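# Results of the structural survey
Each chain is listed here by its residues.
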Amino acid sequence: MTHLPLYRHRGFQPEQPWFVLNAAQHYSLIASDNPAISHFYSFEVAQHASMTLAIPDGCVDIVFDCDAQHPSARVCGTTLEARGADMQHNHHYFGVRFAPGIIPDFLDVMAEEIPDSEFSFLDVVPDARLAFEQIVQARDFSRQIALFNAYFTPRLVRKASSVTSLIIQTMRKLNGNIRVDQLEALTGYSCRTIQRQFRQDTGLSPKAFSRILRCQSAINTIHSRQDLSFSELAFDLGFSDQSHFLREFKKFVSTTPCDYQRRITHDDYFHRLRFTEH
């Protein structure tokens with residue numbers, strides 16, 4: 001098992017850093033062989049953890065609470081700003097994080113309803129009771145992944161339009177740093193058509209998705225570089241100025257980039273991560 005952060009191993013990846021910082025000991029991650037899934041994760045919330053925050057990542061998460069007495073599971077759309085995540089102290093969680101912009105096809109819910117919302121897994125995934133019971137009862141991380149893949153791989157990705165797929169691919173390559181007029185030139189479609197189709201496929205506007213990717217890219221960069229100039233980072237990500245970047249980062253992450261950098265160093269962020277292949 002290698003103790004390397006996920007982004008260093010595979011490039012850009014959506015992250016939930018407050019999950020890691022509130023883990024009791026280790027926060028385990030396993031990359032998926034299927035590109036529709038970013039990765040799987042497993043952790044226990046520390047007894048004395050402060051409020052766990054979810055931040056915008058552009059992803060759908062399925063989170064299983066494997067508590068022996070009251071197990072549960074929920075489908076979580078990306079938040080649109082930092083907000084509290086309902087996680088219980090000493091509970092063990094198994095999670096599936098889909099790639100940014102991907103909507104699982106087995107969800108009985110429209111894409112537009114998903115962002116900034118949570119649903120009971122059993123309410124929006126038909127005939128999933130047996131899968132749920134086996135996953136929450138399995139204590140081995142790799143076994144939980146195998147069960148999830150066995151039940152849900154055949155219905156993993158809801159088909160998106162070619163224009164949405166192209167936009168997601170391009171935005172991820174450019175870390176969200178692209179304007180609407182550039183999307184018009186890229187796709188050959190009008191702004192109105194792009195907006196309508198992208199929202200229908202992902203539940204988000206292109207602007208909201210690009211803002212999320214830019215903030216996630218900022219987090220990735222802070223994690224990978226210690227000698228970082230925030231003014232240069234703001235410029236590289238296409239912000240109008242450093243003040244704009246600072247406001248956006250604080251809204252999305254609930255602290256400033258400087259404070260965030262100090263926090264991950266003080267709390268041994270990288271030593272908490274356990275990334276392995278399966």
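Residues numbered from 1 in each chain as written. Predicted model: local features only at pLDDT ≥ 70, side-chain atom pairs only at ≥ 80, totals over all residues. Heavy atoms only, no water.

### Details of the overall build of the protein chain
Each helix and strand in the protein chain was counted, giving 13 helices and nine strands. The C-alpha atoms of the protein chain give 18 Å as radius of gyration, which agrees with the globular expectation for 278 residues (19 Å, within 12%). Once the C-alpha set of the protein chain is aligned to its principal axes, its extents read approximately 50 × 45 × 30 Å. Expressed as a percentage of the 278 residues in the protein chain, the buried residues total 54%. Carbon and sulfur atoms make up 48% of the accessible area of the protein chain, which amounts to about 13000 Å² in all. (Helix = DSSP H or I, 4+ residues; strand = E, 2+ residues; numbered from the N terminus. Rg over C-alpha atoms; globule rule 2.2 N^0.38 Å. Buried < 20%, exposed > 50% of the residue type's maximum accessible area, 1.4 Å probe, protein only. Areas by Shrake-Rupley, 256 points an atom, 1.4 Å probe, with all protein chains shown as cover.)

### Quick word on the packing of helix 6 (residues 162-173) against helix 7 (residues 180-187)
At a closest axis distance of 11 Å, the pairing of helix 6 and helix 7 adopts a crossing angle of 125°. In terms of axis orientation, helix 6 runs oblique to helix 7. In this structure, helix 6 meets helix 7 at a crossing whose hand is right-handed. Contacts from V163, L166, I167, T170 and M171 of helix 6 reach helix 7 at L183, L186 and T187. Looking at the contact of helix 6 with helix 7, its residues break down into six nonpolar, two polar and no charged. (Axes fitted to C-alpha atoms, helices over the stretch in contact; angles between N-to-C directions. Parallel < 35°, antiparallel > 145°, perpendicular 65-115°, else oblique. Left-handed = near helix turned anticlockwise from the far one by under 90°. Contact = heavy atoms within 4.5 Å. Nonpolar A, V, L, I, M, F, W, Y, C, P; charged D, E, K, R; others polar.)

### Some points on helix 11 (residues 242-253)
Between its first and last C-alpha atoms helix 11 spans 16 Å; for twelve residues at 1.5 Å apiece the expected length is 16 Å, and the two agree. Every buried residue belonging to helix 11 is among F245, E248, F249, F252 and V253, and all of these are buried. Buried residues of helix 11, seen end-on, are gathered within an arc of 105° and therefore sit on one face of the element. Of the surrounding secondary structure, the elements contacted by the buried residues of helix 11 are helix 2 (17-21), helix 9 (206-224), helix 10 (230-236) and helix 12 (257-266). Capping the start of helix 11 is the job of one residue whose side-chain oxygen sits 3.2 Å from the backbone nitrogen of S243: D241. (Expected span 1.5 Å × (residues − 1). Arc of directions from axis to C-beta. Polar contact = N/O pair within 3.5 Å; in protein donor to acceptor, adjacent residues only side chain to side chain.)

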